[in-house]
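# Structural characterization, general
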Amino acid sequence: QVQLVESGGGLVQAGGLLRLSCEASGRTFNLGALGWFRQAPGKEREFVGTIRWRTSRTVYADSVKGRFTISRDNAKSTIYLQMNSLKPEDTATYYCAGSTNFDARATHDFQSWGQGTQVTVSS
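Criteria and cut-off values
Residues numbered from 1 in each chain as written. Predicted model: local features only at pLDDT ≥ 70, side-chain atom pairs only at ≥ 80, totals over all residues. Heavy atoms only, no water. Helix = DSSP H or I, 4+ residues; strand = E, 2+ residues; numbered from the N terminus. Buried < 20%, exposed > 50% of the residue type's maximum accessible area, 1.4 Å probe, protein only. Contact = heavy atoms within 4.5 Å. Polar contact = N/O pair within 3.5 Å; in protein donor to acceptor, adjacent residues only side chain to side chain.

### Here we look at unusual backbone geometry
Here the phi dihedral of Ser56 falls at roughly 65°; this positive angle occurs in a residue that is not glycine. Checked against the element boundaries, Ser56 lands in the loop between strand 5 (46-52) and strand 6 (58-60). The class for Ser56 is partly exposed, based on a relative accessible area of 29%. The residue Ser85 is not glycine, and still its phi comes out positive at about 50°. Take Ser85: it is sitting in the loop between strand 8 (78-83) and strand 9 (92-99). According to the relative accessible area criterion, Ser85 is partly exposed, its value standing at 42%.

Okay, structure coming up:
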């Protein structure tokens, strides 16, 4: 039972940057990893990346590798998604998700989800 709250979404021009936050509360001691997903209208929810709770090791989708960075602030039980060199195809609702599995990637492997935050990248 973990509660997740995303923030930081907004409108940005192509080539710009944005940082999303995800604050975790509740039974965070069971977390193996926190991840980011995104979903555009009419499309499936897409894996963006994860960070392991124990080691801070990160995994990224090929589409964002080199542009996006996930980091953790243990004092705040918060993770961040730093998005640089944004493209119009990055436009989506971004979700934070928690899993007891440190190696989780698929949506069905995540037990907790935030409400989502909208990111819109204009040309």
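Anyway, onward from the coordinates.
### Quick word on the environment of Arg45
Take Arg45: it is sitting in the loop between strand 4 (33-39) and strand 5. Here Arg45 falls in the partly exposed class, since its relative accessible area comes to 29%. Considered as a pair, Arg45 and Tyr94 are 49 residues apart in the sequence and their alpha carbons are 9.2 Å apart. When sequence neighbours within four positions are dropped, the list of residues in contact with Arg45 reads Phe37, Arg38, Gln39, Tyr95, Thr107 and Trp113. Within the structure, Arg45 has its side chain in polar contact with the side chain of Gln39 (distance 3.2 Å).

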